[in-house]
Amino acid sequence: MSERKVRVRFAPSPTGPLHIGGVRTALFNYLFAKQHGGDFVFRIEDTDSHRFVPGAEEYIIEAFRWLGIKFDEGVSFGGHHGPYRQSERREIYKEYVSRLLDEGKAYYAFDTPEELEAKRGEVQNFQYDARTRMQMRNSLTLQPAEWESLIADGQQYTVRFKVEPGQEIVVDDLIRGEVHVKSDILDDKVLYKSADELPTYHLANIVDDHLMEITHVIRGEEWLPSAPLHVLLYRAFGWEDTMPRFAHLPLLLKPEGKGKLSKRDGDRLGFPVFPLEWHDPKSGEVSSGYRESGYFPEAVVNFLALLGWNPGTEQELFSLDELVGAFDITKCSKSGAKFDYQKGIWFNHEYILRKTDDEIAGLFAPIVANNGIDESMERITAVVHLMKDRVSFVRELWPLCSFFFIAPTEYDEKTVRKRWKEYSARQMAELMAVLEGIGDFSIEGQEPVVLKWVEDKGYKLGDVMNAFRLALVGEGKGPGMFDISAFLGKQETLRRLRKAIEVLK
Ligand code: GLU
């Protein structure tokens with residue numbers, strides 16, 4: 001058994017956009033597969049036709065393509081264990097359902113929804129199990145001739161798993177250790193519905209994990225309650241020897257307060273809970289995505305990797321490949337991980353700093369062009385160089401940098417009141433004359449000349465620089481003054497000074 005090649009799967013149901021928690025689950029599966037030289041399988045669990053949402057499958061594939069998380073086989077990737085869409089595997093499941101029926105490990109149930117409802121009203125905490133199944137309408141209580149004719153007549157039925165009480169179930173979990181459960185608490189879960197000729201999640205999930213030779217089931221904590229039933233199903237089929245090991249990942253919790261992260265938290269606090277923007281085909285509602293919000297895929301991956309896992313060192317920045325090396329599923333926490341979205345923003349900032357000026361300029365250039373500015377790549381890159389350490393997103397650059405490209409047309413009132421003194425116009429006029437005389441308008445060319453003039457005149461350097469900044473920028477922000485004037489060049493610098501003197505007097 002230890003010889004088996006590691007194979008893990010990500011098995012979403014296409015019921016809508018992939019939640020960010022699902023992305024983390026897939027990431028941890030990917031890291032585990034890659035570090036063990038294993039395979040990562042993409043399976044679509046679409047046996048619940050009522051919840052099927054068109055476009056969801058394509059959305060999920062696109063999300064992982066964007067994030068750089070690659071599958072080795074599965075829907076849209078091919079492979080030797082297909083088909084990988086459960087709706088295309090009906091015949092396979094029927095065979096396994098029959099097997100359980102033939103061996104007396106499952107039975108037909110004919111109870112209508114109304115009958116079940118009535119029973120729930122009658123018996124408190126009703127559960128379809130060893131204690132109650134003999135009061136119900138099923139192939140255990142009806143005569144064979146009777147239930148066989150019901151089926152022959154086309155009566156709808158379900159197939160239920162016959163859970164024998166008194167069994168000890170052990171879920172072997174890489175994160176939680178051995179989880180012990182008594183079979184008595186489990187109900188006779190529905191494994192198959194004749195109405196849509198499809199198995200339920202439980203049966204299809206187990207059969208596929210077995211047939212696809214899955215060795216480790218890594219999934220969200222919300223699936224832990226299903227695990228004991230899954231263990232029993234493996235036993236019922238006689239597949240104990242190849243039963244996957246489990247790892248149930250900690251829940252993602254709200255950024256503040258208790259409970260699990262929801263879309264509403266994102267809406268309320270202004271962060272996406274989906275990898276990509278999602279357009280709901282029914283309601284038309286648009287939900288924001290990490291990609292469209294300007295996050296780098298590497299930043300999202302890095303951020304998610306540290307939700308519920310940490311390397312045990314101070315290191316926070318990891319590339320995907322570094323994560324493959326460092327990740328350890330057994331070191332995941334058992335308790336929920338707070339979804340600190342601010343940390344996600346911090347990661348994006350760190351990745352901006354790590355990207356070259358050219359890369360960021362490539363992303364910033366279209367924004368500059370969209371604002372009607374025709375600038376060379378070289379000059380855009382120069383601005384990026386001066387400003388990128390001040391932003392967490394490329395889109396934040398324009399409001400901070402527009403003054404490099406567009407001369408101020410008005411001057412921030414508060415700054416004017418504070419920084420433009422009665423003598424500022426006179427000082428700026430003098431400064432114009434000083435600048436006029438400078439041949440080399442680089443930072444190194446300007447700075448000593450201007451500083452000397454300030455000193456000779458006995459002016460306060462702060463006063464001069466504040467007014468100079470107000471004239472060139474229109475307000476009190478921006479990088480070093482000579483960075484700005486050198487970028488603008490002599491003509492533009494003088495033009496902006498002249499205008500400020502004119503307007504502010
Ligand atoms: N289809 C389930 C889901 O949507 C898969 C759960 C599992 O990994 O077993 O998450």
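Located above this text is the structure these notes cover.
Every value quoted in this text rests on a predicted model; they were computed, and no experiment measured them. (Residues numbered from 1 in each chain as written. Predicted model: local features only at pLDDT ≥ 70, side-chain atom pairs only at ≥ 80, totals over all residues. Heavy atoms only, no water.)

## Topic: the overall build of the protein
Part 1 of the argument: The number of helices and strands found in the protein is 19 helices and 15 strands.
Part 2 of the argument: For the protein, whose C-alpha radius of gyration is 33 Å, the value lies well above the compact-globule estimate of 23 Å for 505 residues.
Part 3 of the argument: A principal-axis box enclosing the C-alpha atoms of the protein has dimensions of 110 × 50 × 40 Å.
Part 4 of the argument: Burial analysis of the protein (505 residues in total) assigns 51% to the buried set.
Part 5 of the argument: Of the contacts formed within the protein by residues at least 6 apart in sequence, a portion of 72% connects residues at least 24 apart.
Part 6 of the argument: In the structure as shown, the protein presents an accessible area of about 23,900 Å², 51% of it carried by carbon and sulfur atoms.
Part 7 of the argument: Put simply, the protein has 65 plus and 80 minus side-chain charges, and the middle of one group is 5 Å from the middle of the other. (Helix = DSSP H or I, 4+ residues; strand = E, 2+ residues; numbered from the N terminus. Rg over C-alpha atoms; globule rule 2.2 N^0.38 Å. Buried < 20%, exposed > 50% of the residue type's maximum accessible area, 1.4 Å probe, protein only. Contact = heavy atoms within 4.5 Å. Areas by Shrake-Rupley, 256 points an atom, 1.4 Å probe, with all protein chains shown as cover. Lys, Arg positive; Asp, Glu negative; His and termini not counted. Charge placed at Lys NZ, Arg CZ, Asp CG, Glu CD.)

## Overview of the pattern of salt bridges
Part 1 of the argument: Tallied over the full model, the rule gives 48 salt bridges.
Part 2 of the argument: Of the charged contacts, one joins Arg7 and Asp39 as a salt bridge, the two residues approaching to 2.9 Å between their closest N and O atoms. Linking Arg7 in strand E1 (residues 7–10) with Asp39 in strand E2 (residues 39–42), this pair joins segments that are 32 residues apart in sequence.
Part 3 of the argument: A salt bridge links Glu168 to Lys182; the nearest nitrogen and oxygen atoms lie 3.1 Å apart. (Salt bridge = Lys/Arg side-chain N within 4 Å of Asp/Glu carboxyl O.)

## Brief notes about the site of the ligand
Part 1 of the argument: Residues in close proximity to the ligand include Arg9, Ala11, Pro12, Ser13, Glu45, Tyr201, Asn205, Arg219 and Trp223, which together make up its full environment.
Part 2 of the argument: One of the side-chain nitrogen or oxygen atoms of Ser13 is found 3.1 Å away from a nitrogen atom of the ligand.
Part 3 of the argument: Side-chain polar atom of Asn205 to an oxygen atom of the ligand: 3.1 Å apart, as the coordinates give it.
Part 4 of the argument: About the coverage of the ligand: the protein hides 84% of its 290 Å² of free accessible area.
Part 5 of the argument: Looking at side-chain class alone, the shell around the ligand contains four nonpolar, two polar and three charged residues. (Near = heavy atom within 4 Å. Polar contact = N/O pair within 3.5 Å; in protein donor to acceptor, adjacent residues only side chain to side chain. Nonpolar A, V, L, I, M, F, W, Y, C, P; charged D, E, K, R; others polar.)

## With respect to the environment of Glu436
Part 1 of the argument: Relative to the helices and strands, Glu436 is located in helix H16 (residues 424–436).
Part 2 of the argument: Along the sequence, Glu436 and Leu494 sit 58 residues apart, while their C-alpha atoms lie 7.8 Å from each other.
Part 3 of the argument: Non-local contacts of Glu436, meaning those with residues more than four positions away in its chain, are made with Lys490 and Leu494.

## A word on the side chain of Ser287
Part 1 of the argument: Residue placement: Ser287 occurs in strand E14 (residues 286–287).
Part 2 of the argument: You can call Ser287 buried: its relative accessible area is 5%.
Part 3 of the argument: Reaching out from Ser287, the side chain makes a polar contact with the side chain of Lys263 at a distance of 3.4 Å.
Part 4 of the argument: With sequence-adjacent residues up to four places away left out, Ser287 is seen in contact with Lys263, Phe274, Leu276, Glu277 and Trp278.

## A closer look at the sheet that holds strand E5 (residues 158–161)
Part 1 of the argument: Sheet architecture is open: four strands sit in the order E4-E5-E8-E9, paired in antiparallel fashion. Both edges of this open sheet fall to strand E4 (106–109) and strand E9 (198–199), since each of them pairs with a single strand only.
Part 2 of the argument: Note that E5 and strand E8 (residues 190–193) share three bridges and pair antiparallel. By the bridge assignment for E8, Thr158 is matched with Lys193.
Part 3 of the argument: Helix-sheet contacts for helix H3 (residues 90–102) involve E4, E5, E8 and E9, and the interaxial angle to E4 is about 105°. (Pairing = 2+ DSSP bridges. Axes fitted to C-alpha atoms, helices over the stretch in contact; angles between N-to-C directions.)

## With respect to the nonpolar core
Part 1 of the argument: In this structure, Phe64, Ile329, Phe339, Phe364, Phe404, Phe405 and Phe468 are the most contacted members of the largest nonpolar core, which totals 157 residues.
Part 2 of the argument: Residue contributions to this core peak at 10 residues, all from helix H19 (residues 481–504).
Part 3 of the argument: Those residues in contact with Phe468 that lie beyond four places of it in its chain are Met428, Leu431, Leu435, Met481, Phe482, Ser485, Thr493 and Leu497.
Part 4 of the argument: Ranked by size, the runner-up nonpolar core spans six residues in total, among them Tyr107, Leu116, Tyr128 and Met136. (Core = buried A, V, L, I, M, F, W, Y, C linked by side-chain atoms within 4.5 Å.)

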